[in-house]
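Geometric and topological summary
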Amino acid sequence: MWTLLAVYGIVTILSGIFLLAITGVFGMVIGLIGVIMLVLSVFLSAPKSEQPDDQSKKYCTYCIAEINKTDITCPICQTEQ
Ligand SMILES: [Zn+2]
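Residues numbered from 1 in each chain as written. Predicted model: local features only at pLDDT ≥ 70, side-chain atom pairs only at ≥ 80, totals over all residues.

1. Observations regarding the packing of helix H1 (residues 3-23) against helix H2 (residues 25-43)
Direction vectors running N to C along H1 and H2 enclose 165°, while the axes themselves pass 7 Å from each other. When the axis of H1 is compared with that of H2, the two are roughly antiparallel. With respect to the hand of their crossing, H1 and H2 are arranged in left-handed fashion. For the contact of H1 with H2, the per-class residue count stands at 17 nonpolar, nine polar and no charged. (Axes fitted to C-alpha atoms, helices over the stretch in contact; angles between N-to-C directions. Helix = DSSP H or I, 4+ residues; strand = E, 2+ residues; numbered from the N terminus. Parallel < 35°, antiparallel > 145°, perpendicular 65-115°, else oblique. Left-handed = near helix turned anticlockwise from the far one by under 90°. Nonpolar A, V, L, I, M, F, W, Y, C, P; charged D, E, K, R; others polar.)

This is the structure:
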């Protein structure tokens with residue numbers, strides 16, 4: 001279950017219904033894309049964020065340098081983690 005994709009799918013379906021009243025077939029196509037997103041969200045799981053191979057390391061949230069998990073500030077850019 002990919003919750004965010006399901007939410008975007010529902011929003012797309014609602015946009016499709018809105019556009020259906022204005023543009024006709026184009027709105028139907030948008031609504032269909034929303035249905036596909038909703039169906040896919042049930043079968044797919046959310047992608048995991050990239051993690052370093054070394055378990056004692058993590059990526060700096062600012063400069064994406066590989067730093068120790070215990071570091072409070074990044075030794076390269078000095079940003080607090
Ligand atoms: Zn950094």
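On we go.
2. Some thoughts on the domain arrangement of the protein
Much of the literature gives interface size as the accessible area that the parts lose upon coming together. For the protein, the assigned domains read domain 1 (3-43) and domain 2 (48-76). Look at where the C-alpha atoms of domain 1 and domain 2 centre, and you get two points 38 Å apart. (Domains from an automatic or database assignment.)

3. Structural notes on H1
Because an α-helix packs 3.6 residues into every turn, residues spaced three or four apart end up facing the same way. Between its first and last C-alpha atoms H1 spans 29 Å; for 21 residues at 1.5 Å apiece the expected length is 30 Å, and the two agree. The positive-phi residue at the C-terminal boundary of H1 is Gly-24, with phi of around 80°. (Expected span 1.5 Å × (residues − 1).)

4. Some remarks on unusual backbone geometry
Its identity is not glycine, yet Ile-64 carries a phi of approximately 60°, on the positive side. On the secondary structure map, Ile-64 appears in the loop between strand S1 (57-59) and strand S2 (66-68). According to the C-beta neighbour criterion, Ile-64 is exposed, with 12 such atoms within 10 Å. With a phi angle near 65°, Gln-78 is a residue other than glycine that sits in the positive phi range. (Buried ≥ 20, exposed ≤ 12 C-beta atoms within 10 Å, placed from the backbone.)

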